[in-house]
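# Geometric and topological summary
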Amino acid sequence: MTPTERLLEHARAWRVSVDDTIETASSLIAYGRRDGRAVVLKVVKRECDEWRCGEILDAFGGTGFVRVYEFAPGAALLERLTPGSALTELSLSGRDPEA
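A brief report on the enclosed structure follows. Because the structure is predicted, anything quoted here is derived from the model rather than measured.

Conventions and cut-offs
Residues numbered from 1 in each chain as written. Predicted model: local features only at pLDDT ≥ 70, side-chain atom pairs only at ≥ 80, totals over all residues. Heavy atoms only, no water. Pairing = 2+ DSSP bridges. Helix = DSSP H or I, 4+ residues; strand = E, 2+ residues; numbered from the N terminus. Buried < 20%, exposed > 50% of the residue type's maximum accessible area, 1.4 Å probe, protein only. Arc of directions from axis to C-beta. Contact = heavy atoms within 4.5 Å. Core = buried A, V, L, I, M, F, W, Y, C linked by side-chain atoms within 4.5 Å.

### Here's the deal with the pairing of strand S4 (residues 68–72)
- Across four bridges, the pairing between S4 and strand S5 (residues 75–79) is antiparallel. Residue pairing in the sheet places Phe71 in a bridge with Ala76 of S5.
- What sits between the antiparallel neighbours S4 and S5 is a turn of two residues, in which Gly74 has the positive phi angle 80°.

This is the structure:
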């Protein structure tokens, strides 16, 4: 199954209405909505370090990271934080604890 097919399959299964997609070197990223909430659906193209990203992020329970709504091997449905600030901006302005 191609990454695009996997993205569509997860979007259907997780009830995500996709508004836009982008492609990175390692993943397909879909921005959309589920139950009125802004979400990000990440599908990793091939098994690599990112393959278990959903499981790993879920272990943090939203503390210091985005919340994970759903995950499967090679895919994760994440909360979308908007507007966001680049952590580098906070760090460079001496606000590391806040970052």
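### Notes on helix H1 (residues 3–13)
- Within H1, the full set of buried residues consists of Arg6, Leu7, His10 and Ala11. Take H1 and look down its axis: the buried residues cluster within an arc of 135°, on one side only. In this structure, H1 carries Arg12 and Ala13 as exposed residues pointing more than 90 degrees from its buried face.
- On its buried side, H1 packs onto strand S1 (17–23), strand S2 (27–34), strand S3 (37–44), S4 and S5.
- Where H1 terminates, the next one or two residues include Arg15, which has phi positive at roughly 55°.

### With respect to the nonpolar core
- Core analysis: the largest hydrophobic core is formed by 11 residues, namely Leu7, Ala11, Trp14, Val16, Leu28, Ala30, Val39, Leu41, Val43, Ala75 and Leu77.
- Counting residues per element, the ones that place at least two in this core are H1, S2, S3 and S5.
- Here this core takes three residues from S3, the largest share from any one element.
- With residues near it in sequence (within four places) discarded, Leu7 still touches Leu28, Ala30, Leu41 and Val43.
- In this structure, Val40, Val44, Cys53 and Leu57 belong to the second largest nonpolar core, which totals nine residues.

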